[in-house]
Amino acid sequence: MALLVGLTGGMGSGKTTVGKLFQSLGAYVLDADEICRSLVEPEKPAWRETVDLLGNEIVRDDQTLDRRKIADIIFNDSDKKKALEAILHPRVMAEEQAIYKDIRKGDPAALVIIEAALLIESENYRKVDKVVVIVCDKETQIRRIMAKNTFSQEDAERRLQQQMPLEEKIKFADYVILNNSGLTELEEQVEALFHQLKQLTV
Ligand code: ATP
């Protein structure tokens, strides 16, 4: 029996790193953000709905959407943010379910991981079999966000403040990965969890 697992955590908690580790162990890993981007390619239904909602100013010359402008608009307008999420989140999950179905056809015991920053906030956690939340302490998280994005400490802190607190996310977790130390410790945890989850697919 295949298994669909949602992998989430705060900004810079290690989602991409853990996703890659799962992939190297033999899991199928889907990237919710990448799927979301593909859904708003020019002239797709969600592209049209997004432009109708936010206006032509978000359309670049090549017809792709300007994510920076979208972020600016929804940062200042919570109604538009909600409306945009209502356009995107159900479609992202529907697409993920469709991909999951396809994978299962070829591999009935597949372990499929969805890497999704907004798994909990989007309510899409309800549609997966298990939820994995990556946590790390705030200082480590800020340090990693600063290094990855060349943000100032202030910027990194401000962004974190806008997010659902990790303590809140943990409440939805079936499994927690603690990512405070080095990569070796992380690899060990992911490997152990991979085997635990794989057991559920047999
Ligand atoms: P984002 O929210 O930006 O998408 P993320 O949750 O996907 O981030 P990663 O990109 O995996 O997080 O990790 C953030 C940064 O911290 C990366 O530069 C990554 O290489 C580094 N990192 C993650 N885990 C560890 C670790 N255990 N030891 C050292 N560096 C780490």
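You'll find the structure just up there.
K.L.:
Honestly, the environment of Glu-49 in this entry has me stumped. Any pointers?
P.N.:
Topologically, Glu-49 is positioned in helix α3 (residues 45-54). What makes Glu-49 partly exposed here is its relative accessible area of 34%. For the pair formed by Glu-49 and Ile-87, sequence separation is 38 residues and the distance between their alpha carbons is 7.2 Å. The residues touching Glu-49, leaving out its near neighbours within four places in the chain, are Ile-87 and Arg-91.

K.L.:
What exactly am I supposed to notice about the site of the ligand here?
P.N.:
Around the ligand lies a shell of 14 residues, among which Lys-15, Thr-16, Thr-17, Lys-148 and Asn-179 are the nearest. For the ligand, an oxygen atom lies 2.8 Å from a polar atom in the side chain of Lys-15. At 2.7 Å, a side-chain N or O of Lys-148 approaches an oxygen atom of the ligand. Relative to its unbound accessible area of 630 Å², the ligand is 73% covered by the protein chains. Looking at the shell around the ligand, the elements with two or more residues in it are α1 (15-25) and α6 (138-149).

K.L.:
Explain the sheet that holds strand β2 (residues 28-31) here, please?
P.N.:
Each strand in a sheet pairs with another by means of backbone hydrogen bonds, the pair being arranged parallel or else antiparallel. Within the open sheet, the 5 strands sit side by side as β2-β3-β1-β4-β5. Their pairing is parallel. Edge strands, defined here as strands with exactly one partner in the open sheet, are β2 and β5 (175-178). Shown here is a sheet whose adjacent strand axes are inclined to one another by a mean of 25°, direction ignored. Of the pairings in the sheet, the one linking strand β1 (residues 3-9) to strand β3 (residues 111-115) comprises 5 bridges and is parallel in character. Its bridge partner being in β3, Leu-4 is matched across the sheet by Val-112. The strands touched by α1 within the sheet are β1, β2, β3, β4 (130-135) and β5, with β1 carrying the most contacts at an inclination of about 150°. Of the strands in this sheet, β2 and β3 are in contact with helix α2 (residues 32-39), which crosses β2 at around 50°.

K.L.:
Just checking my understanding: could you explain the layout of surface pockets for this structure?
P.N.:
Empty space among the atoms becomes visible once a probe the size of a water molecule is rolled across them. Put simply, the second largest pocket is a space of about 260 Å³. Around the second largest pocket sit 14 residues that line it, and Lys-138, Gln-141, Leu-160, Pro-165 and Leu-166 are the ones nearest its centre. Counting residues per element, the ones that place at least two in the lining of the second largest pocket are α6, α7 (153-161) and α8 (166-170). Partitioned by chemical class, the residues of the lining of the second largest pocket number 6 nonpolar, 4 polar and 4 charged.

How each quantity is defined
Residues numbered from 1 in each chain as written. Predicted model: local features only at pLDDT ≥ 70, side-chain atom pairs only at ≥ 80, totals over all residues. Heavy atoms only, no water. Helix = DSSP H or I, 4+ residues; strand = E, 2+ residues; numbered from the N terminus. Buried < 20%, exposed > 50% of the residue type's maximum accessible area, 1.4 Å probe, protein only. Contact = heavy atoms within 4.5 Å. Near = heavy atom within 4 Å. Polar contact = N/O pair within 3.5 Å; in protein donor to acceptor, adjacent residues only side chain to side chain. Areas by Shrake-Rupley, 256 points an atom, 1.4 Å probe, with all protein chains shown as cover. Pairing = 2+ DSSP bridges. Axes fitted to C-alpha atoms, helices over the stretch in contact; angles between N-to-C directions. 1 Å grid on protein atoms, 1.4 Å probe; cavity = no way out; pocket = protein on both sides within 12 Å on 5 of 7 lines; lining within 4 Å. Points joined across faces, edges and corners; volume = space filled by probe spheres on them. Nonpolar A, V, L, I, M, F, W, Y, C, P; charged D, E, K, R; others polar.

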